[in-house]
Amino acid sequence: MLHIVACIKQVPDTKIIKMNPKTNTMDRASAPAILNPYDAHAVEEAVRLKKKYGGTVSVLTMGPPPAVKAIKKCIELGADEGYMISDRAFAGADTLATSYALTKALEKIAKQRPIDLVICGKMTIDGDTGQVGPGIARRLHIPPLTGVKKVVEINKEKGYAIVHRKLEDGYEVVRSTLPCLFTVEKDINDISFAPLPNMIKAARYQPTIWTADDLEDVDRKQLGLKGSPTIVSKVWAPPKPEGGELLEGSTKEKVEQLLSLVLVKKELFQ
Amino acid sequence: MNFDDYRGIWVYLEVKDGNIAPVSLELLGAGRQLADKRKTELAGVLIGSSVKQLASTAFTYGADVVYVYDNPIFVYYRTEPYMRALLDCCEKHKPEVLLYGATPTGKDLASAIATDLPTGLTADTTILDIEEDTGLLLASRPAFGGNIMATILCKKYRPQMATVRPKVMKALPPDPSRTGKIVEEHIELREEDMRTKVLEIVREAKKARIDEADIIVAGGKGMGSKEGFQLIHQLAEVLGGAVGASRDVVEAGWIDHHHQVGQTGVTVTPKIYFAIGISGAIQHVVGMQNSELIIAINKDPNAPIFQSCHYGIVGDAFEIVPLLIERFKEEIPKVKAAADVKEEIRHA
């Protein structure tokens with residue numbers, strides 16, 4: 001029986017987020033909080049693997065109390081257990097400090113039930129870095145397999161997994177020892193509709209919540225802002241380009257002007 | 001940590017199809033500037049199997065030194081052996097700055113190295129600078145889906161590391177007379193200790209690669225529907241160009257992800273870029289702003305895309321694009337015919 005843990009994050013929907021033009025800061029309240037889309041695929045894949053091979057799917061997140069909502073979403077998708085680490089001590093963490101805190105939580109989860117596989121989304125849509133998954137793998141001393149687009153086989157008995165990893169012009173078939181960590185691409189699966197029993201379970205579900213004190217052997221210097229080597233020194237609105245020339249006239253005239261602008265690059269059409 | 005022990009700007013030289021990846025050459029160009037400003041050396045790290053001869057390419061593109069790890073164990077990229085080699089190199093020679101291409105391989109390797117060293121790592125940098133006196137790397141990148149730019153510093157750790165998007169920095173013109181120092185390195189690695197094995201590499205037929213196209217016709221949510229988006233395909237076909245798309249179009253499922261231009265898609269630098277029905281969020285703009293000629297068509301006169309184009313048409317794409325298709329169908333054969341005539345005259 002496999003124990004798969006998916007690491008997930010609640011993120012602001014960056015498509016909707018608005019900027020305050022006066023202060024050049026983000027109006028976070030303007031953006032609804034959602035389960036990071038890549039992580040939804042990670043949870044979906046974990047649940048599919050559970051259905052195929054048997055086992056348990058846990059999800060783990062770090063975040064403020066409202067992030068419970070993202071865990072509930074994962075229960076809807078078919079996860080069995082949810083864990084959240086939530087503490088002011090974690091605030092301001094960059095990817096290095098985040099992978100440290102999540103690893104400490106994974107070690108605690110593993111004491112209750114050994115972990116065969118960790119799955120993360122390829123990246124979050126607010127940070128866009130894709131660094132936390134590989135960071136966790138290094139800290140757990142397990143192989144990281146990034147960009148997984150298909151899981152071919154998991155064989156717990158013989159202790160290996162075979163996956164397809166996306167390359168720029170194709171993919172590679174890789175075999176890794178278990179346990180290992182995958183970060184998954186969006187095209188790995190299509191998210192299923194949540195069945196009603198899952199939705200009912202999710203509505204009532206309360207995840208296990210740990211503070212920094214609940215974790216073991218934690219070096220507090222490696223948590224949160226203190227444990228983050230990168231700092232944001234400046235946030236600025238992207239430079240506004242000067243803008244182009246607007247073509248004037250009737251639609252026909254505009255089209256003709258455009259034509260002459262484009263066809264001037266004759267070499268492209270010969 | 002004694003910062004004085006850390007010197008030099010380094011570029012991880014990714015090997016692709018037997019050559020140094022274009023992004024690594026671009027980074028040598030960017031790294032050269034940083035190194036000159038800091039009055040220090042520019043070095044490349046080359047890891048692979050039978051790759052030593054590629055060092056000369058790195059020299060022609062600006063490197064002073066290339067550290068080479070040449071061993072059959074590196075025939076395919078795998079995190080574990082590559083990471084061990086690069087960690088070994090960092091521990092021995094202590095770079096002040098280490099840059100990687102923000103490719104699948106570069107990001108994978110950089111994340112592992114950052115965790116092990118440990119040090120800070122800035123992802124998907126688009127602007128790089130360095131403080132001349134302190135050596136502090138100023139790495140700027142679009143954040144929150146490109147809504148803002150953030151400058152990220154790593155003050156307390158060395159090396160300072162960043163991944164940089166392909167096609168954002170410029171490679172230097174190659175100078176074949178430039179040479180440099182090759183330092184051959186060795187590290188004890190045994191295949192039987194490696195936990196991952198590459199069983200097979202499958203190359204997929206090249207799809208219309210937008211990063212290599214001279215003309216790109218890109219469409220956005222303004223095309224209304226998957227059916228409306230067909231107009232983009234039609235115009236691209238007439239022009240012999242590739243089709244690009246904004247993120248929301250890809251997310252709506254109108255077109256595949258590999259057509260997406262922008263921060264979470266592909267960075268492109270065509271000769272002509274059409275942005276049709278694309279509002280022009282910064283995350284899209286960062287992916288196409290280096291195009292030679294940018295033409296925007298949008299019915300909203302306030303759409304930010306008009307700030308980022310060379311020429312704009314305010315108007316309805318459903319009126320304008322069909323007209324464009326019709327007129328290009330008439331005019332392009334004339335351009336071709338004129339070229340043929342010239343060719344004939346030359347041969348006559």
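Our structure's up above, just so we're on the same page.
What you see is a predicted model, and the numbers here were worked out from it, not measured in a lab. (Residues numbered from 1 in each chain as written. Chains lettered and ligands numbered in written order. Predicted model: local features only at pLDDT ≥ 70, side-chain atom pairs only at ≥ 80, totals over all residues. Heavy atoms only, no water.)

Caption draft 1: Main features of the environment of Glu 157 of chain A. Residue and element names in this part refer to chain A. Checked against the element boundaries, Glu 157 lands in the loop between strand 9 (144–155) and strand 10 (160–167). The exposed category is assigned to Glu 157, whose relative accessible area is 80%. Separated by 156 residues in the primary sequence, Glu 157 and Met 1 place their C-alpha atoms 9.5 Å from one another. (Helix = DSSP H or I, 4+ residues; strand = E, 2+ residues; numbered from the N terminus. Buried < 20%, exposed > 50% of the residue type's maximum accessible area, 1.4 Å probe, protein only.)

Caption draft 2: Region of the structure containing the nonpolar core. By size, the foremost hydrophobic cluster in this structure holds 40 residues, and its most contacted members are Leu 258 of chain A together with Phe 274 and Ile 276 of chain B. Secondary structure elements with two or more residues in this core: helix 6 (251–263) of chain A together with strand 14 (215–219), helix 5 (230–239), strand 15 (242–245), helix 6 (247–251), strand 16 (272–276), strand 17 (293–298) and helix 8 (317–347) of chain B. Looking at this core element by element, the count peaks at nine residues for helix 8 of chain B. Counting 38 residues, the second largest nonpolar core, distinct from the first, contains Leu 35, Leu 49, Leu 178 and Tyr 205 of chain A. (Core = buried A, V, L, I, M, F, W, Y, C linked by side-chain atoms within 4.5 Å.)

Caption draft 3: Region of the structure containing the packing of aromatic side chains. All names here are of chain B. Summed over the entire model, instances satisfying the criterion amount to six aromatic pairs over all chains. For the pair Tyr 12 and Tyr 100, a centre-to-centre distance of 6.1 Å together with 45° between the ring planes defines the contact as tilted. Taken as a pair, Tyr 12 in strand 1 (residues 9–13) and Tyr 100 in strand 6 (residues 97–101) lie far apart in primary sequence, 88 residues in all. Judged by relative accessible area, Tyr 12 falls into the buried class, the value being 2%. A connected cluster of aromatic rings, assembled from ring pairs, spans Phe 74, Tyr 77 and Tyr 82. (Phe/Tyr/Trp six-rings, centres within 6.5 Å; stacked < 30°, edge-to-face > 60°.)

Caption draft 4: Focus on the environment of Leu 324 of chain B. Looking at where Leu 324 of chain B falls in the secondary structure, it is placed in helix 8. Linking Leu 324 of chain B and Tyr 77 of chain B, residues 247 residues apart in sequence, is a C-alpha distance of 46 Å. In this structure Leu 324 of chain B touches Val 255, Leu 258 and Leu 259 of chain A together with Leu 235 and Ile 297 of chain B, once residues within four positions along its chain are discounted. (Contact = heavy atoms within 4.5 Å.)

Caption draft 5: Expanded view of the interface of chain B and chain A. Each side of the interface is counted separately: chain B has 82 residues, and chain A has 74 residues. Taken as a group, Phe 144, Arg 195 and Tyr 311 of chain B account for 10% of the area that chain B buries against chain A, more than any other trio of residues on that side. For the pair chain B and chain A, the interface holds eight salt bridges. Seen at the junction of chain B and chain A, the total is 27 residue pairs in polar contact (both at pLDDT 80 or more). When residues of the side of chain B that touches chain A are assigned to their parent elements, the largest contribution, 11 residues, is made by helix 8 of chain B. Classifying every residue of the side of chain B that touches chain A by side-chain character gives 41 nonpolar, 19 polar and 22 charged. Across six bridges, the pairing between strand 14 (residues 230–236) of chain A and strand 10 (residues 148–154) of chain B is antiparallel. By the bridge assignment, Val 232 of chain A is partnered in strand 10 of chain B with Ile 152 of chain B. (Buried area = accessible area lost by both parts, 1.4 Å probe. Salt bridge = Lys/Arg side-chain N within 4 Å of Asp/Glu carboxyl O. Polar contact = N/O pair within 3.5 Å; in protein donor to acceptor, adjacent residues only side chain to side chain. Nonpolar A, V, L, I, M, F, W, Y, C, P; charged D, E, K, R; others polar. Pairing = 2+ DSSP bridges.)

Caption draft 6: Focus on the sheet that holds strand 12 (residues 181–185) of chain B. All names here are of chain B. Across the sheet, seven strands lie side by side as 7-11-6-1-4-5-12; this open sheet has parallel pairing. The open sheet is flanked by strand 7 (121–125) and strand 12, the only strands paired with a single partner. Strand after strand, the sheet turns through a mean of 20° between neighbouring axes, direction not considered. When strand 6 meets strand 11 (residues 160–164), the two strands line up parallel, connected through five bridges. For Leu 99, the partnering residue across the bridge sits in strand 11 and is Ala 162. Strands in contact with helix 3 (residues 79–93) are strand 1, strand 4 (42–48), strand 5 (65–70), strand 6 and strand 12; relative to strand 4, the strand with the most contacts, it is inclined by about 150°. (Axes fitted to C-alpha atoms, helices over the stretch in contact; angles between N-to-C directions.)

Caption draft 7: Representation of the pattern of salt bridges. Overall, the coordinates contain 42 salt bridges over all chains when judged by the stated rule. When salt bridges with common partners are traced through the structure, they connect Glu 256 of chain A together with Arg 327, Glu 330, Glu 331 and Lys 334 of chain B into a single cluster.

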